[in-house]
Amino acid sequence: MLDWLAQAPVLLVTALVLFVPGLLALWAVGLRGLALAAAAPLFGVAATGIAAMTLAFIGVPWSVGAWGAAVAVLVGAAALVGLILGRGRSEPPARRHRLLAVALAIGACFAIWRLAAYIVDPAGISQTNDAVFHMNAVQFILDTANASSLHVNGVIGGTSFYPAAWHALVSIVVSITGSSIPIAANMLTLVIGAFIWPLGITWLTRVVTRSDTAAASAAVLACSLHTFPLLMFQWGVLFPNALSTAMLPAGLALVLSPLAWRAGRRSWSGVARGVLLALVACCALLLAQPATLLPWLALILVRATAWLLSDSWAGTRVRRWGAVVALWALLAVVWILISRTTSGSHWPPFRGKLEVLLDVLLNGQLRIPFAFAISALMLCGLVLAWRDIRIRWFVFGWAGVSGLYVLAAAIGAPLVRVNLLGAWYADPYRIAALAPVVVVPLAALGLQGIITVVHRRLRRGDAEPRVPDRTAAALTLAAASAIMIVLTLLRPVAMPAVVEGSFDRESRYIAADDSYLSPDERTLLESLPDVVPPGTRVLANPSTGAGFGYMLSGVDVFPRTWSPPTTAAWEVLADGLRDAASDPAVCAALQQYGDPAYVLDFGLGDDTPGRYEMPGMTGFADRPGFEKISEVGDVSLWRITACAR
């Protein structure tokens, strides 16, 4: 843990980058207390993403100063909005500030412990395909001084929109602190899992249940389920999904909280404020990972439907149902459009229909061991929520989120997998990560209900108190902490591999000789700036650790992602680069990629999903036309002399 403590300044800077702009801006429009703290990252992410696109559009290079100036303008705009609309009436203050503060501190400690224990080394790199793209994209931002979501795909030669808020934030942290990209990425991981997520789920629970005690329970239990946040940093690795999902609870609470819609000096100001805050949440989710917009909209519509069909709305029955049908039809159109913007379904179903129902009831998605304690609390919470007409809608929200996972895990119809699940590529991991958004508040409600009943029995009271007293609140907090201690110490964190039907028992951040990026490979890649001229392109098989070469060295190690080019020229190189001295087609193929003068020999590669074996990019020792430049263990760098011009 000393290595992690040494990175505390980087962690602090990361938290400040995410929270300070939002704290200033949202305070100016009237948010206070828990609402202000939980919603602040939404503004921080939205402001960073918007600043990156705006600066690129007007031709201003991306830098800490440019980011700070752009964000300051947005904060100033928020202050102006606050002056125009008025700050509105303050949210009813939490009755137990200390309880919530203690609970959030406990929850953050558990989250940091679980995440740090899995990552192991603060400079560790996830040994996964997606990590290659995400890490190289940050280096691309630093090299090109452009963090726009319309530009970052250029790291792999693309020109389409790609949500780059996570990458922009990491680049800012690197620029401020001088830390490496892996360290900055891991500090952002801690901020996402230990600060953004617990604050958001705590606020959402308070908005839904109207209970400070339940909210405190949610803060402690925030990381009780494997499916989020831990799973997103095991699988993929899915940094943008993790950021977007972590913001989802606060994004929901920001729209569902009456605070957002309360009027200031003018009667219309409440509506205007609510719309603007909803836009902040929408932009944050869109620029982090657009798929999360769909459950955000759906859960808001579940709440809106409950309101429209209740006596709270004065419209006729026909108007009520008409509004409901129109809203859900609009969501269906948006849902299909977003699903169609991706490359479609990549994952088949893997679970039986009865098994998958048991999975959602016992929170054993993806064949993760059943979470019996949390599931029992969740079931109690479902009963309590159903009995309370004010929060019954949340039961339907839980059913909807659970239904998405059921479809992903057990239904193979192309219509379902493409049109309903395409936004997540029908990936059950990404969809399972949504479950804690609804499960944790229900479990917290269930725990509060159980402790309240037990406390009443112990006091031998006949009348149920409207609000549990301090003893009951303390018991609830102690019970939640005890559950987390048991989970943290005893529950395994092995990542399930659903296709293979197995588990990864070791962390994917641990580098070994047989891992994607071995220690020898990393050492050689980090030394490249010292052994090759500036501006040099180095060829490599990206199915080896060379895929991380661009990020680790700043040298143009090509390709910059795990997937090689799908061209005839690349096939020639992959199969026969080492025959360059005898096969003229090889030198012609090299011309297609700028006549690179160097190649890395990191071995054959492998043929696991997303990886490739390239026999032409290994075994140069006995081949004419190649000169060894550097070597570390079994990996080496060679100059290509066969095609010298």
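In the block above lies the structure referred to throughout.
The model shown is predicted, which means the values in this text are computed figures rather than measured ones. Residue positions within a chain follow its written sequence, with the count starting from 1. With the structure being a predicted model, the display of local features is reserved for residues of pLDDT at least 70 and the display and counting of side-chain atom pairs for 80 or more, all residues being used for whole-chain, interface and lining totals. Side-chain numbers come from the whole structure's heavy atoms, not from hydrogens or water.

We now examine the packing of helix α7 (residues 165-177) against helix α11 (residues 239-256). Where α7 contacts α11, the axes come no closer than 8 Å and their chain directions differ by 100°. In terms of axis orientation, α7 runs roughly perpendicular to α11. Contacts between α7 and α11 involve Trp166, His167 and Leu169 from the first element and Phe239, Pro240 and Leu243 from the second. Partitioning the contact of α7 with α11 into residue classes produces five nonpolar, one polar and no charged. Here an axis means a line fitted to C-alpha atoms, over the contact stretch when the element is a helix, while the angle between two N-to-C directions is reported on a 0 to 180 degree scale. Secondary structure elements are defined from DSSP: runs of H or I of at least 4 residues count as helices, runs of E of at least 2 residues count as strands, and each element is numbered from the N terminus. Relative orientations are named as follows: roughly parallel for angles under 35 degrees, roughly antiparallel for angles over 145 degrees, roughly perpendicular for angles from 65 to 115 degrees, and oblique for any other angle. Any two residues whose heavy atoms approach within 4.5 Å at even a single point are treated as in contact. All amino acids are sorted into three groups, where Ala, Val, Leu, Ile, Met, Phe, Trp, Tyr, Cys and Pro are nonpolar, Asp, Glu, Lys and Arg are charged, and the leftover types, Gly among them, are polar.

The next thing to look at is a nonpolar patch on the surface. On the surface, a nonpolar cluster with roughly 350 Å² of combined accessible area is contributed by Leu12, Leu16, Val20 and Leu24. With respect to the helices and strands, the residue leucine 12 is situated in helix α2 (residues 8-28). Relative accessibility thresholds used throughout: buried, under 20% of the residue-type maximum; exposed, over 50%; partly exposed, between the two (1.4 Å probe, protein chains only). On the accessibility criterion, leucine 12 (51% relative accessible area) is exposed. Candidate patch residues must exceed 30% relative accessible area and have no salt bridge, after which like charges are joined if within 9 Å and Val, Leu, Ile, Met, Phe, Trp or Tyr side chains if within 5 Å. To be clear on the numbers: accessible area is Shrake-Rupley with a 1.4 Å probe, and residue cover counts the displayed protein chains and nothing else. Note on definitions: salt bridges are taken to be side-chain nitrogens of Lys or Arg within 4 Å of carboxyl oxygens of Asp or Glu.

So, on to the state of the cysteines. Throughout, a disulfide means two cysteine sulfur atoms within 2.5 Å of one another. Evaluation of the coordinates by the stated rule reveals one disulfide. In this model cysteine 587 forms its disulfide with cysteine 643; the gap between the sulfur atoms is 1.8 Å. The sign of the -80° torsion about the S-S bond sets the cysteine 587-cysteine 643 disulfide as left-handed. On the criterion of sequence distance, the pair formed by cysteine 587 in helix α26 (residues 584-591) and cysteine 643 in the segment after β7 (635-640) is long-range, its members being 56 residues apart. Cysteine 587 gets classed as buried once you look at its relative accessible area, which sits at 13%. Assessed through its relative accessible area of 11%, cysteine 643 is described here as buried. No disulfide involves cysteine 109; its sulfur sits 11 Å from the nearest other cysteine sulfur, which is in cysteine 223.

Glycine aside, negative phi is the norm for most residues, and most peptide bonds take the trans geometry. The step from phenylalanine 228 to proline 229 runs through a cis peptide bond, and the omega angle for that step is 5°. Mapped onto the secondary structure, proline 229 falls in the loop between α9 (212-221) and α10 (230-234). Put simply, glycine 236 and valine 237 share a cis peptide bond, and its omega is 5°. Structurally, valine 237 can be placed in the loop between α10 and α11. A positive phi angle, close to 55°, is found at alanine 145, a residue other than glycine.

The set of residues buried in helix α25 (residues 568-576) consists of Ala569, Trp570, Leu573, Ala574 and Gly576. Close packing links the buried residues of α25 with β3 (537-539), β4 (556-558) and α26.

Moving on, we come to the environment of valine 555. Tracing the sequence through the fold places valine 555 in the loop between α24 (549-553) and β4. Accessibility expressed as a relative area gives 10% for valine 555, which makes it buried. Taking the C-alpha atoms as reference points, valine 555 and valine 538, 17 residues apart in sequence, are found 7.6 Å from one another. Apart from the residues lying within four places of it in its own chain, the contact partners of valine 555 are Leu528, Pro529, Val532, Thr536, Val538, Gly549 and Tyr550.

For the rest of this paragraph, the subject is the packing of aromatic side chains. Note on aromatic pairs: each is described by the distance of the centres and the angle between the planes. For Phe, Tyr and Trp, rings pair up if their centres lie within 6.5 Å, where Trp contributes its six-membered ring, and each pair is then called stacked (planes under 30 degrees apart), edge-to-face (over 60) or tilted (otherwise). Taken as a whole and assessed by the stated rule, the structure comprises 18 aromatic pairs. Each ring, one from phenylalanine 370 and one from phenylalanine 372, has its centre 5.9 Å from the other, and the planes form 75°; the classification is edge-to-face. According to the relative accessible area criterion, phenylalanine 370 is partly exposed, its value standing at 25%. Here the aromatic rings of phenylalanine 558 and tyrosine 593 are separated by 5.5 Å at their centres, their planes lie at 40°, and the arrangement is tilted.

Glancing now at the nonpolar core. Throughout this description, the term nonpolar core refers to a set of buried Ala, Val, Leu, Ile, Met, Phe, Trp, Tyr and Cys residues connected via side-chain atoms within 4.5 Å. Ranked by internal contacts, the top residues of the largest apolar core, which has 208 residues, are Trp62, Trp203 and Leu600. When residues of this core are assigned to their parent elements, the largest contribution, 18 residues, is made by helix α8 (residues 181-209).

To continue, consider the pattern of salt bridges. Applying the stated rule across the entire model yields 14 salt bridges. Two residues, glutamate 627 and arginine 639, come together in a salt bridge whose shortest N-O distance is 3.1 Å. Of this pair, glutamate 627 sits in strand β6 (residues 626-632) while arginine 639 sits in strand β7; the two residues are 12 residues apart in sequence, bridging distant segments of the chain. Here the salt bridges share partners, and the residues they tie into one network are Arg351, Glu355 and Asp359.

It is worth spelling out the packing of α2 against α8 at this point. For any two helices packed against each other, one specifies the crossing angle of their axes together with the interaxial distance. Interhelical geometry of α2 versus α8 gives an angle of 55° and a closest axis separation of 9 Å. Judged by the inter-axis angle, α2 sits oblique to α8. Crossing of α2 over α8 shows right-handed handedness. Where α2 approaches α8, its residues Val10, Leu11, Thr14, Ala15, Leu18 and Phe19 are matched on the opposing element by Ile183, Met187, Leu188, Leu190, Val191, Phe195, Ile196 and Leu199. Tallied by class, residues from the contact of α2 with α8 come to 13 nonpolar, one polar and no charged. Helix crossings get a hand from a simple test, with the near helix turned counterclockwise from the far one by less than a right angle marking a left-handed crossing and a clockwise turn marking a right-handed one.

Moving on: helix α22 (residues 519-526). Among all positions in α22, only Glu521, Arg522, Leu524 and Leu525 are buried. The buried residues of α22 occupy an angular sector of 165° when the element is viewed end-on, so they sit on one face. Buried residues along α22 sit in contact with α8, α23 (528-531), α24, β5 (598-601), β6 and β7. The directions from the helix axis to the C-beta atoms are what the arc is built from.

What follows covers the sheet that holds β6. Strands sit in the order β4-β3-β5-β7-β6 across an open sheet of five strands; the sheet is mixed. For this open sheet the edge positions go to β4 and β6, each flanked by a neighbour on one side alone. Each adjacent strand pair in this sheet contributes to an overall mean axis angle of 30°, direction not counted. Pairing between β3 and β4: three bridges, direction parallel. Residue pairing across strands places leucine 539 opposite phenylalanine 558, the latter belonging to β4. Together, β5, β6 and β7 form the strand contacts of α22, whose direction differs from that of β7 by roughly 40°. The criterion for strand pairing is that DSSP finds at least two bridges linking the strands in question.

This part is about the pairing of β7. Summarising burial for β7: five of the six residues are buried, a large majority. The pairing of β5 with β7 spans four bridges and is classified as antiparallel. Within β7, the residue paired with aspartate 601 across the bridge is serine 636. Taken together, the six bridges between β6 and β7 define a ladder with antiparallel strand orientation. The residue bridging glutamate 627 from the neighbouring strand is arginine 639, located in β7.

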